[in-house]
Amino acid sequence: MRLTFLGAAQTVTGSMHMVETEGRRILLDCGMFQGRRRESNERNRTLPFSAKKLDALILSHAHIDHSGSIPTLMKAGFEGTIFATPATRDLCAVMLRDAAFIQTQDAGYINRYNEKHGIPDRVEPIYEEKDAIKAFEHFISVPYRRSFPVIDGVTCTMLDAGHVLGSAIVVLDVKEQKRKIRLVFTGDLGRVKMPILNDPETPAGTQVLITESTYGDRLHDPIEEMDQKLLDVVKRTVARGGKVIVPSFALERAQEIIFALRRLQAHRELPRIPIYVDSPLTVKITDIFKLHSESFDPEIRGFMADEGDPFAFADLRYVDSVEDSRKLNVLDGPAMIISASGMCEAGRILHHLNNHIEDRRNTILIVGFQAEHTLGRRIVERRQTVKIFGVAREVNAEVVVLHGFSAHADRDDLLRFGRACRERGSVEQVVLVHGEPEPQQKLAGLFGDNGFPRVAIPKTKETLEIA
Ligand SMILES: [Zn+2]
């Protein structure tokens, strides 16, 4: 068996790993690369392999950095099957179309700019809605814990990764002439005790473990403290007469924040201020959550039995239309606005940051990982000025980072998961993906100290032979 790491290798986006066994090819994830604009454009336009020669794709979860290049795969002539859990399939149905819409808009913007400035170049969108829709002729939904054949000699079982709705740990049983190998790919690994999702499961019999390492050098605040920390931020900002602006991933993080606010409201602790979820994608995704209560953990089920809808209350409004979103630009008095994208690279959050970042009364509340070279990262680094829509803006608002809302395992969770896999298997080889070099080095050291004999940190396009 041969593994080639085509994306999310020594970086956190563009998850894409090729498994080759006896001349057949299975891709794990087909994610979009997010980073510097030019590099992203180049990497996302062409795939580093022949789509026609790919037999199957197994998708760990719906986040765009894991699924966002599926339409490119379709455009390139992929004819195989895409396996995913039912929730991941449903989430992709809205998220890939949304991604296509963004690509089309971006290309339109560049073309209009070029035309205006007499530049003859025209760009095509990376992909369009029709490419996203085509993908759905290829999806097969498989629930957790049901083994299914992928190709001859390869069986797959998806376990709950506890990271986002529908997220899976992919367990592949590969039968080759000489031996059988059990390969486990974590996708993105969640945390224990997250309020909506079940805890990550531990696979048995793991021989090769490909694990994410996003927070390989960091510990998160305990989940139990997050409601209070969120409440403190809201109260402090309201006391200043300001607004809380929350850039949030539309999938999971937004629902976790909404559910946290809902709990605070149910306990009558939350100040009575208007709260807006200004992201049409978040609205659609929240509806999909309601369809998949089979993925909910006992905590949210208990809440629903006692209090009702976990994603709705009187002061919370979901904003869909552009017209209603614009009204938020002239909002008077304290409020909270939750909007996408999560790394502040596109979408309505840019308008809200543009309007609010220079006012000292306001708070920018960062609740998710911010990749290098994104606006979100610059805000986290508390640069004095940041560019929004090409204009320099002073960062006067308070910047608060709450990593406790992260849906990713932290350093200790990752090590604990590795050890749990070893207790139930042999784990002869660990491969770290989906992390920046520094956390990866530290996590590799930690795995080494804990007696894991082989820990690899592959570079992009590096190949590993598993004998
Ligand atoms: Zn993810």
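No experiment lies behind these values; they were computed from the predicted model shown. (Residues numbered from 1 in each chain as written. Predicted model: local features only at pLDDT ≥ 70, side-chain atom pairs only at ≥ 80, totals over all residues. Heavy atoms only, no water.)

Chemist: Any chance you could explain the overall build of the protein chain here in plain terms?
Modeler: Across its full length, the protein chain carries 14 helices and 22 strands. A compact globule built from 467 residues would reach a C-alpha radius of gyration of about 23 Å, and the protein chain, at 22 Å, matches this within 12%. Reported as C-alpha extents along the three principal axes, the dimensions of the protein chain are approximately 70 × 60 × 40 Å. For the protein chain, the proportion of its 467 residues judged to be buried stands at 57%. Per element, the accessible surface of the protein chain, about 19,700 Å² overall, is 47% carbon and sulfur. Charge separation in the protein chain, taken as the distance between the mean sites of 62 positive and 65 negative side-chain charges, equals 2 Å. (Helix = DSSP H or I, 4+ residues; strand = E, 2+ residues; numbered from the N terminus. Rg over C-alpha atoms; globule rule 2.2 N^0.38 Å. Buried < 20%, exposed > 50% of the residue type's maximum accessible area, 1.4 Å probe, protein only. Areas by Shrake-Rupley, 256 points an atom, 1.4 Å probe, with all protein chains shown as cover. Lys, Arg positive; Asp, Glu negative; His and termini not counted. Charge placed at Lys NZ, Arg CZ, Asp CG, Glu CD.)

Chemist: Quick question: what am I supposed to make of the environment of Leu264 here?
Modeler: Mapped onto the elements of the fold, Leu264 is located in helix H7 (residues 253-266). Judged by its relative accessible area of 2%, Leu264 falls in the buried class. Each C-alpha atom, one on Leu264 and one on Arg360, is 26 Å from the other, the two residues being 96 residues apart in sequence. Contact partners of Leu264, with chain neighbours within four places excluded, come to Asp227, Leu230, Leu231, Glu269 and Leu270. (Contact = heavy atoms within 4.5 Å.)

Chemist: Explain the coordination of the zinc ion here, please?
Modeler: For a metal with four tetrahedral donors the ideal donor-metal-donor angle is 109.5 degrees, whereas six octahedral donors ideally subtend 90 or 180 degrees. Of the protein atoms, only His61 (NE2), His63 (ND1), His163 (NE2) and Asp188 (OD) coordinate the zinc ion, at distances of 2.2 to 2.3 Å. The site at the zinc ion holds four donor atoms, and with the angles between them running 94 to 161°, its shape is irregular. Positions of the donor residues of the zinc ion, expressed as sequence spacing, correspond to H-x1-H-x99-H-x24-D. Accessibility classification places His61 together with His63 in one group, the buried group. (Donors = N, O, S within 2.8 Å, 3.2 Å for Na, K, Ca; no water. Tetrahedral: all angles 85-135°; square planar, octahedral: opposite > 155°, others 65-115°.)

Chemist: Before we go on, may I ask you to explain the domain arrangement of the protein chain in this structure?
Modeler: A common way to express how large an interface is: the accessible area buried when the components associate. What the domain assignment reports for the protein chain is domain 1 (2-218 + 407-465) and domain 2 (223-405). Put simply, the middle of domain 1 and the middle of domain 2, counted by C-alpha atoms, are 27 Å apart. Each partner contributes to the interface: domain 1 provides 31 residues, whereas domain 2 provides 32 residues. For domain 1, the biggest contributors to the area lost against domain 2 are Leu165, Pro195 and Ile196; these three give 25% of the whole. With a shortest N-O distance of 3.4 Å, Glu436 and Arg377 are connected by a salt bridge. Linking domain 1 to domain 2 there are eight residue pairs in polar contact (both at pLDDT 80 or more). Broken down by element, the residue count for the side of domain 1 that touches domain 2 peaks at seven residues, all from helix H4 (residues 86-116). (Domains from an automatic or database assignment. Buried area = accessible area lost by both parts, 1.4 Å probe. Salt bridge = Lys/Arg side-chain N within 4 Å of Asp/Glu carboxyl O. Polar contact = N/O pair within 3.5 Å; in protein donor to acceptor, adjacent residues only side chain to side chain.)

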